[in-house]
Amino acid sequence: MSEEKTLTRRDFVSTVEPRWCAGCGCHSTFTRLTSTFPMLGVPRENFVVVSGIGCSSRFPYYVNTYGFHGIHGRAPAVATGIKLNNPALSVWVMTGDGDGLAIGGNHFIHLMRRNADIKVILFNNAIYGLTKGQASPTTQVGTKTKTTPYGSEEIPVKPLALALAAGATFAARVNDTDTDLLSEVFLAAGKHKGVAFVEVLVNCAIYNDKAFAAITARETKTERTIRLKHGQPVVFGANNDKAIKLKGIKPEVVSIEPGKAASDILVHDIHNPDSTPAFLLSQMEYPDNPVPFGIFRQVSRPVFKDKTEPRPTDQDFKHLLESGGFTWKVDSNGNIGSV
Amino acid sequence: MSTKRTNELSRVVVRFAGDSGDGIQLIGDQFAMTSAMMGNQISTLPDYPSEIRAPAGTIAGVSGFQVCFGTRSVYTPGDEYDLLVAINPAGLKVNLSNLKKNGILLLNTDSFTERSLQKAGYSSNPLDNSELNDFRVFKVPMFKLCEKAATGLPLSTKQVERCKNFVALGITNWIYGRSLEPTLKWLQKKFGAKPDFLKVNTEALKTGFSYAAESGFLKESYTVPRAEENVPGTYRYITGNVATAMGLIAASRRAGRPLFLGSYPITPATEILHELSNQKKFATVLQAEDEIAGIGSAIGASFGGALAATSTSGPGLSLKSEFLGLAVILELPLVVVNVQRGGPSTGLPTKTEQADLLQAVWGRHGESPVVVIAATSPRDCFDATVEASRIALKYMVPVVVLTEGALGQGAEAWRIPALEELPEMKTWVRTNPTGFLPYLRDEATLARPWALPGTPGLEHRIGSLEKEDGTGATSHDPLNHEKMVKIRAEKVARIASEIPPLETYGDKNARLLVLGWGGTQGVIKLAVENLLEEGVPAACAHLRHLNPLPRDIEPLLKKYDKVLIPENNMGQLWRRIRAEFLINAERLNIVRGRPFRAKEIEEKAKEMLGVRK
């Protein structure tokens, strides 16, 4: 593959037919991501897609790049090793709510805090799909699953809040049906220098169908979601007639004259070095609040180990072995002397 | 202690003991290093508590450092001590039982106060009763000598008394005719910027030395002539863990592959991580969030073309098991260093053991063969690691290197090899896309090609699901699975063709063979030498390769009427030898957090041969 050739989506689709169920949100995410890859100006051979275990973790098999399907929850570790060993590679982690936040929760935190230049797509369907329907760390309270037949009692984790708390320098949320936003966010994530976290709400048609429909359904989404735009007031509603204002440290929905946000309306700033406003947005949940989508945060921080050290010389090597403090020489007559 | 002239010794064992924080490890290192630089063979064994500061003055807080040095046959840190240096009563209490009859006991009498005697569990002062009658007791008021050394210096009593270890070192140096020069040089380097500390420690060392000379305790000091053989070259005093780190760097350099270490701090393996963290020119190091991420990042780096390693101890090896199985199915090169300690669970973090052998060989789910290699001494950690790297790269397999706490922490003199002396490292890095398949195989080794991300045209996917041979595509076909299980096993089995024939040492007509692996090499050899000296015919052989086993092991063992397998576990190699070869081998096991003593092996061998004591 020569670098001069213009890459298209077709170059990134492998010959393996995706085996996700019909109606699964993984399909649209796959389509948008493979459409984004050619736009990043990275040669195909420099892409590595890494995953753990779960429905979404089958992703690498379907992408015609270097791919690594690992073990449950551990993709961040593998990806970190790949990236640190060869900083020229564009490394993408595909994970899910079980893989990334339950069994891999610890790795997730450290992946976020280190800020290695790794992109992380978390397919959140709020269920364990591949094991046929158990509650996951993002399953809503009250949801009946095979392991929560009386309704889930556990408080779900908020993936974006966790990522931000751990120090993510790029954090975004998209819904699987919002193809334009998927493309926009994937492109921005791909271009970000440092760790980029994208939560995609994906529908599991088999085990948790319409889990997010209350928010994202066509008929409700304009009133129940916010499309975040950098530098713009946080407004929503069919006629842009609602906005978010801070009352103390609480977000509050207020009505505004359509399209005209007053000065006390929260203005979204993705580059704000203080993550508090982004964190506050990440806490907003339906039904108390509308749910924000788009890029929450994008800041520039030193990237973990992105500099390659000069290759040591033979002299460096000799010096290394002979260092360490206690060294001496024995000559051919058996005389001992200092080095 | 065999003697030529009355004051000439060929092998000596010294044990330094005191409170952790007394600087015992430091003077132990200085004494061993000085002996090595004077041409002696050396072997050391640090022995310290797992707490950073256990309650001061108590038995639990005793830190020990043992060194054997001599002219020949220094294979171990030694059995019984010729000299015990006890800086406090607890150090005496813990170690006295292992001091030779008529051995020298160097005591800091200033520390034998009522309070510290009580803390050590003495109901009466051993200086005043008959408890020490079997020994030559050298009573030295070390705090008073510290004060003398500090004359005119603006230091507090506490600061002055901290030099007692250098007083003790000075005395020990005089007893065995050691030069002060190496330590004086070291002090200069260490305290050059702090003239008062330089002065007080220097004076403490010299004061101890001249006090011993003038005391008349011994008429003259002993001499320990240098080793008969000193191969020309540059030497270094090195611990096993540092040797392991150097082995990884050397292998990476020899193979022309970048080195990556993913690791997590754990006693007694952490120094490997420290050493490589300090060498960023030579290694990319990730201090991972846990043991699992340590090996996971190493596997990622290996996929990317690194000579990748992870270092750990027992509990960490347990945590790494699943990822180790992944490396098996991915057929990627990987070096896993396990510095064994007492288990199970947290067990004895600072104490040595050999009880992870079966875990290393078989401790994963599924049919998951890995190569296992064991280091035999501190300096051999270098060679074992180089050998592990060579096999990992050539065969595209994970290799577990078993070292032991006593090897990792222990030190020896090491002749630094030139890069050309190291074995050649072959890799099969593929760049040609024509006819490429990820699971193509080299006919001889069965290795698959290493196709590195960044290589145009070799884009491919690997994963934890079973592979179809050749294409590497996911396959659930039952016959393919069986084929792949057998290929992975055969690949490991074939490595046996490269293992050099087992060497035996000792009496050619012996009926008894002592078989060991790992860190027992020195003590078994010493035991066999001692048996031969006593006229008891015995022989020994030692295993470096634990999986696969050498091909000649079965015929070799079957030549002997009796086979004895001493291990610092409950019989793990013993079990395997019996199971695979139907050989009625006997075992000798101690799991006491310390290496064997030669005498223990000698006694068992004599019992097996029906030799009366």
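Along the polypeptide, D47(B) turns up in strand β2 (residues 41-47). You can call D47(B) buried: it has 26 C-beta atoms within 10 Å.

Here we come to the nonpolar core. Ranked by internal contacts, the top residues of the largest apolar core, which has 273 residues, are V50(A), V198(A), I299(B), V399(B), V401(B) and V514(B). The residues touching V50(A), leaving out its near neighbours within four places in the chain, are P60(A), F68(A), G70(A), A75(A), V78(A), A79(A), I82(A), V91(A), W92(A) and V93(A).

A separate point is the domain arrangement of chain A. All names here are of chain A. Considered domain by domain, chain A is made up of domain 1 (9-227 + 269-298) and domain 2 (232-267). Once you take the C-alpha centre of each, domain 1 and domain 2 turn out to be 28 Å apart. The interface is formed by nine residues belonging to domain 1 together with seven residues belonging to domain 2. Elements that contribute at least two residues to the side of domain 1 that touches domain 2 include exactly α9 (221-224) and β7 (225-227). In terms of residue class, the side of domain 1 that touches domain 2 is built from four nonpolar, three polar and two charged.

In this section: the sheet that holds strand β5 (residues 99-108) of chain B. Residues and elements named next belong to chain B. If you walk across this open sheet you meet the six strands as β2-β3-β1-β4-β5-β6, and the pairing is mixed. The open sheet terminates on both sides in strands that have one partner only, identified here as β2 and β6 (136-140). In this sheet, adjacent strand axes meet at a mean angle of 15° when their direction is disregarded. Judged from the seven bridges that link them, β2 and strand β3 (residues 62-70) form a sheet pairing that is antiparallel. Note that in β3 the partner of I42 across the bridge is F69.

This part is about the packing of helix α3 (residues 75-85) of chain A against helix α11 (residues 291-303) of chain B. Across the interface, α3(A) lies against α11(B) with an axial gap of 6 Å and an inter-helix angle of 45°. Classified by the angle between their axes, α3(A) and α11(B) sit oblique to one another. Note that α3(A) runs across α11(B); the crossing there is right-handed. Contact with α3(A), carried on its side by A77(A), V78(A), A79(A), T80(A), G81(A), I82(A), L84(A) and N85(A), involves I292(B), A293(B), G296(B), S297(B), A298(B), I299(B), G300(B), A301(B) and F303(B) of α11(B) and no other residues of that element. Here the residues of the contact of α3(A) with α11(B) sort into 11 nonpolar, six polar and no charged.

Residues and elements named next belong to chain B. Sheet topology note: the strand β4 (residues 81-86)/β5 ladder contains five bridges and is parallel. Bridge pairing links Y81 to L99 in β5. Following the backbone out of β4, through helix α2 (residues 89-95) and into the adjacent parallel β5, one traces a crossover that is right-handed. Across five bridges, β5 lies against β6 in parallel orientation. Bridge pairing links L105 to V137 in β6.

Residues and elements named next belong to chain B. For chain B, the domain assignment lists domain 1 (11-215), domain 2 (235-420) and domain 3 (504-609). The gap between the C-alpha centroids of domain 2 and domain 3 is 26 Å. Between domain 2 and domain 3, the contact holds 23 residues from the first and 19 residues from the second. Only β12 (348-352), α13 (357-362), β13 (371-374), β14 (398-404) and α15 (405-409) provide two or more residues apiece to the side of domain 2 that touches domain 3. Taken together, the residues of the side of domain 2 that touches domain 3 sort by class into 15 nonpolar, five polar and three charged.

Reading the values: the criteria
- Residues numbered from 1 in each chain as written.
- Chains lettered and ligands numbered in written order.
- Predicted model: local features only at pLDDT ≥ 70, side-chain atom pairs only at ≥ 80, totals over all residues.
- Helix = DSSP H or I, 4+ residues; strand = E, 2+ residues; numbered from the N terminus.
- Buried ≥ 20, exposed ≤ 12 C-beta atoms within 10 Å, placed from the backbone.
- Core = buried A, V, L, I, M, F, W, Y, C linked by C-beta atoms within 7 Å.
- Contact = placed C-beta atoms within 7 Å.
- Domains from an automatic or database assignment.
- Nonpolar A, V, L, I, M, F, W, Y, C, P; charged D, E, K, R; others polar.
- Pairing = 2+ DSSP bridges.
- Axes fitted to C-alpha atoms, helices over the stretch in contact; angles between N-to-C directions.
- Parallel < 35°, antiparallel > 145°, perpendicular 65-115°, else oblique.
- Left-handed = near helix turned anticlockwise from the far one by under 90°.
- Right-handed = clockwise from strand over helix to strand, strands pointing away.

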